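What follows is each chain in one-letter form.
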Amino acid sequence: MEAIASSSSSILMKNLPLSANFTFAGEAVSDRIFSYLACLRDILSNSYSHACPCSFYNASVKECSYTAIAIARYQKKISGPLIDRIDIHVEVLRVDYEKLADKRQIEDSKTIRARVQPVRERQLERFKGTKLTCNAEMGPTEVREFCQTDASGEKLLKAAVQQLHPSARAYHRVLKLARTIADLASSDMIMANHVAEAVQYRPRVGM
Ligand SMILES: [Zn+2]
């Protein structure tokens, strides 16, 4: 089990289709282990953690009772390599009662789906003839081939790298995310605003 667990991240992150015939180290992986791996993959791709032990960090309703040092120590508990593997980091603040009780219409999933569908098709078209189906599956080679930035995008990316010193993995993740943001804007080139948005989704501690 340990061997599987230690290699699971590379298997899981590639979004393999679930199949009972999958083999690992020459041996067929049983359905049960495969559902375990699938479950772990979902947890990894939807990781959630509080910004501090009391969960009131940056909240408007109550003040956080921890010192800056204690918070930094708490946040460091998530290891760098794990943070690197998460595509999008978003800080979600506590929601006030007024917002929870707000009855105004928010965008429904059908509308969001209509916006995402053409982007998925665009990506399928991009990876035609390869084993890949979407931007998230790109490795360093594909990133080099498909994540072309224009001059402004390159300039910003260079500045971000000089300032934030990302790991190679984090750097590729930013480019892949910028590629998707550019796809949402129907842009063939990755431009400065796409890079800026992607960088914003890296955690504030490092990149
Ligand atoms: Zn706190």
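Considering the overall build of the protein chain
- Helix and strand content of the protein chain: 10 helices and two strands.
- The helix and strand sequence of the protein chain, counted from the amino end, reads α-β-β-α-α-α-α-α-α-α-α-α.
- Per-residue burial over the protein chain gives 14% buried out of 207 residues.

So, the packing of helix H9 (residues 168–184) against helix H10 (residues 192–200)
- Following both chains from N to C, one finds H9 and H10 inclined at 125°, their axes separated by 8 Å at the closest point. By the angle class used here, H9 and H10 are oblique. Of the two possible hands of crossing, H9 and H10 adopt the one that is right-handed. Within the contact between the two elements, H9 uses Val174, Leu177, Ala178, Ile181 and Ala182 and H10 uses His194, Val195, Glu197, Ala198 and Val199.
- Grouping the amino acids of the contact of H9 with H10 by side-chain chemistry returns eight nonpolar, one polar and one charged.

Some thoughts on the environment of Ser167
- Inspection of the secondary structure puts Ser167 in the loop between helix H8 (151–164) and H9.
- Residues Ser167 and Gly80, spaced 87 residues apart in sequence, show a C-alpha to C-alpha distance of 9.2 Å.

Quick look at H8
- Under the 1.5 Å per step criterion, the end-to-end length of H8 is 20 Å for 14 residues, consistent within 8% with the ideal 20 Å.
- Along H8, the positions that sit buried rather than exposed are Gly153, Leu156 and Leu157. Within H8, the buried residues cover an arc of 100° as seen down the axis, which keeps them to one side. Opposite the packed face of H8, turned more than 90 degrees from it, sit the exposed residues Ala151, Lys158 and Gln162.
- Buried residues along H8 sit against H10.
- A positive phi of about 45° marks His165, the residue just after H8.

Structural notes on H9
- Spanning 17 residues, H9 covers 25 Å between terminal C-alpha atoms, matching the ideal 24 Å at 1.5 Å per step.
- Of all 17 residues that make up H9, 13 are buried, and the element is covered over most of its length.

Some remarks on the nonpolar core
- Counting residues in hydrophobic clusters, the biggest one holds 15 residues, and the most contacted among them are Val174, Ala178, Val195 and Ala198.
- Put simply, the parts of the chain that give this core at least two residues each are H8, H9 and H10.
- The element contributing the most residues to this core is H9, with eight residues.
- Setting aside its immediate chain neighbours within four residues, Ala198 contacts Val174, Leu177, Ala178 and Ile181.

Notes on the packing of H8 against H10
- The N-to-C vectors of H8 and H10 enclose an angle of 30°; their axes lie 7 Å apart at closest approach. By the angle between their directions, the pair H8 and H10 is classed as roughly parallel. Across the interface between the two elements, Ser152, Gly153, Leu156, Leu157 and Ala160 of H8 pack against Ala192, His194, Val195, Ala196 and Val199 of H10.
- Its residues assigned to classes, the contact of H8 with H10 shows seven nonpolar, three polar and no charged.

Reading the values: rules and limits
- Residues numbered from 1 in each chain as written.
- Predicted model: local features only at pLDDT ≥ 70, side-chain atom pairs only at ≥ 80, totals over all residues.
- Helix = DSSP H or I, 4+ residues; strand = E, 2+ residues; numbered from the N terminus.
- Buried ≥ 20, exposed ≤ 12 C-beta atoms within 10 Å, placed from the backbone.
- Axes fitted to C-alpha atoms, helices over the stretch in contact; angles between N-to-C directions.
- Parallel < 35°, antiparallel > 145°, perpendicular 65-115°, else oblique.
- Left-handed = near helix turned anticlockwise from the far one by under 90°.
- Contact = placed C-beta atoms within 7 Å.
- Nonpolar A, V, L, I, M, F, W, Y, C, P; charged D, E, K, R; others polar.
- Expected span 1.5 Å × (residues − 1).
- Arc of directions from axis to C-beta.
- Core = buried A, V, L, I, M, F, W, Y, C linked by C-beta atoms within 7 Å.

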